[in-house]
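Chain and residue survey
As a plain string of letters, each chain reads:
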Amino acid sequence: EAGVTQSPTHLIKTRGQQVTLRCSPISGHTSVYWYQQALGLGLQFLLWYDEGEERNRGNFPPRFSGRQFPNYSSELNVNALELEDSALYLCASRNPGILTGELFFGEGSRLTVL
Amino acid sequence: AQSVSQHNHHVILSEAASLELGCNYSYGGTVNLFWYVQYPGQHLQLLLKYFSGDPLVKGIKGFEAEFIKSKFSFNLRKPSVQWSDTAEYFCAAPREDTGRRALTFGSGTRLQVQP
């Protein structure tokens, strides 16, 4: 069974640009979560999508946005990039039948903003 | 909302040494706790989880954790570490503001095991 897949794995952008990151959850998982892992800050919760709807977001500005498609894959968009957006962006999915169950993570997209 | 904190940011051990990584949680009703590990260049994966019952939880690769309610702690232990245990370790708990469907993570502990 394929795990959570993310693309691209690495990318470099400059300040002010926009970026789109992609995530495909494990087959059968309808919930997708996005986390930001910046150096020394652990994992910060960004967004949660379930059944195509944004269910909750963390303490991030509106320039962080996303969507979930009918096949449950998801995109994370970051507009007007700032230097501090440099981080590893992790996507996770969860089996909807298990409340508070395990999150399964992808390997992440490493974004560098110059 | 439930939160977790990890006080050991960087731990260096020699092979065969015993390991204990600290995790403290804030009170938030029903307590569910997780430990995840991130090996270099790999995805985050679950080591173990506590939901209820026996407070001593055994996970993969010889790791275990003990839930101590009176101390609000869920420390991760391993009797004898190996070089391959070099990784970053995260404690986590469900976020109340997501109906406990998303997790909040501690800041992580980087473990370096020297051969």
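Residues numbered from 1 in each chain as written. Chains lettered and ligands numbered in written order. Predicted model: local features only at pLDDT ≥ 70, side-chain atom pairs only at ≥ 80, totals over all residues. Heavy atoms only, no water.

1. Description of the overall build of chain B
Here is the rule we go by: Secondary structure elements follow DSSP: runs of H or I no shorter than four residues count as helices, runs of E no shorter than two count as strands, and numbering proceeds from the N terminus. Radius of gyration: C-alpha atoms only; globule rule: 2.2 Å multiplied by the number of residues to the exponent 0.38. Relative accessible area decides the class of each residue, using a 1.4 Å probe on protein chains only: under 20% of the type maximum gives buried, over 50% gives exposed, and in between gives partly exposed. We call two residues in contact when some of their heavy atoms are within 4.5 Å.
Counting secondary structure elements, chain B contains 0 helices and 12 strands. For chain B, the α and β elements follow one another from N to C terminus as β-β-β-β-β-β-β-β-β-β-β-β. The C-alpha atoms of chain B give 14 Å as radius of gyration, which agrees with the globular expectation for 115 residues (13 Å, within 12%). Along the first, second and third principal axes, the C-alpha set of chain B runs to 45 × 30 × 20 Å. Taken over 115 residues, chain B has a buried fraction of 50%. Of the contacts made within chain B by residues no fewer than 6 positions apart, 55% connect residues no fewer than 24 positions apart.

2. Description of the sheet that holds strand β7 (residues 64-68) of chain A
All names here are of chain A. This is how the line gets drawn: Two strands qualify as a pair provided that DSSP identifies no fewer than 2 bridges between them. To obtain each axis, a line is fitted to C-alpha atoms, and for helices this fit is confined to the stretch in contact; angles are then taken between N-to-C directions over 0 to 180 degrees.
With antiparallel pairing, the 4 strands of this open sheet are ordered in space as β1-β3-β8-β7. The sheet is open, and its two borders are formed by β1 (5-7) and β7, each paired with just one other strand. Ignoring strand direction, the axes of neighbouring strands in this sheet form an average angle of 20 degrees. For strand β3 (residues 19-24) and strand β8 (residues 74-78), the ladder comprises 5 bridges, and the chain directions are antiparallel. Bridge pairing in β8 places Thr 20 opposite Asn 77.

3. Remarks on the packing of aromatic side chains
What counts is decided by this rule: Stacked, edge-to-face and tilted labels apply to pairs of Phe, Tyr and Trp rings (six-membered ring for Trp) whose centres lie within 6.5 Å, assigned for plane angles under 30 degrees, over 60, and everything in between, in that order.
A full pass over the atoms with the stated rule returns 16 aromatic pairs over all chains. Ring geometry for Phe 90 of chain B against Phe 105 of chain B: centres 6.4 Å apart, planes inclined by 85 degrees, an arrangement best described as edge-to-face. Of this pair, Phe 90 of chain B sits in strand β10 (residues 87-94) while Phe 105 of chain B sits in strand β11 (residues 103-105), and the two are 15 residues apart along the sequence. Judged by its relative accessible area of 0%, Phe 90 of chain B is buried. Take Phe 105 of chain B: its relative accessible area is 7%, and that puts it in the buried class. Put simply, the rings of Tyr 35, Phe 45 and Phe 105 of chain A together with Phe 34, Tyr 36, Phe 51, Phe 90 and Phe 105 of chain B touch in pairs and so form one group of aromatic residues.

4. Things to note about the interface of chain B and chain A
The line we're drawing: A 1.4 Å probe defines the accessible area here, and the buried area is the portion of it lost by two parts on being joined, summed over both. Salt bridge, as used here: a side-chain nitrogen of Lys or Arg that lies within 4 Å of a carboxyl oxygen of Asp or Glu. Polar contact is defined as a pair of N or O atoms within 3.5 Å, subject to the rule that within protein one atom must be able to donate a hydrogen and the other to accept it, and that residues adjacent in sequence are counted only when both atoms are side-chain atoms.
Contact residues are listed per partner, giving 23 residues for chain B and 19 residues for chain A. Where chain B abuts chain A, roughly 1800 Å² becomes buried across the two surfaces, and 58% of that area is made up of carbon and sulfur atoms. Here chain B is connected to chain A by 0 salt bridges. Joining chain B to chain A, the criterion identifies 5 residue pairs in polar contact (both at pLDDT 80 or more). At the level of secondary structure, the elements contributing two or more residues to the side of chain B that touches chain A comprise β5 (33-38), β10 and β11 of chain B.

5. Focus: the environment of Ala 92 of chain B
All names here are of chain B. For Ala 92, the position within the fold is in strand β10. Residue classification places Ala 92 among the buried residues on the basis of a relative accessible area of 0%. Residues Ala 92 and Ser 26, spaced 66 residues apart in sequence, show a C-alpha to C-alpha distance of 11 Å. Setting aside residues no more than four positions away along its own chain, Ala 92 makes contact with Val 4, Asn 32, Leu 33, Phe 34, Leu 103, Thr 104 and Phe 105.

6. Some words on the nonpolar core
Let me state the cut-off plainly: Buried Ala, Val, Leu, Ile, Met, Phe, Trp, Tyr and Cys residues form a nonpolar core when they are joined through side-chain atoms within 4.5 Å.
Leu 33, Trp 35, Leu 47, Leu 48, Phe 74, Leu 76 and Tyr 89 of chain B are the most contacted members of the largest nonpolar core, which totals 28 residues. Counting only elements with at least two residues in this core, the list comes to β2 (10-14), β3 (19-21), β5, β6 (45-50), β8 (64-68), β9 (73-78), β10 and β12 (109-114) of chain B. Of all the elements, β10 of chain B adds the most residues to this core, at 4 residues. In terms of nonpolar packing, the next biggest core, distinct from the first, is built from 22 residues, Cys 23, Phe 64, Leu 76 and Val 113 of chain A among them.

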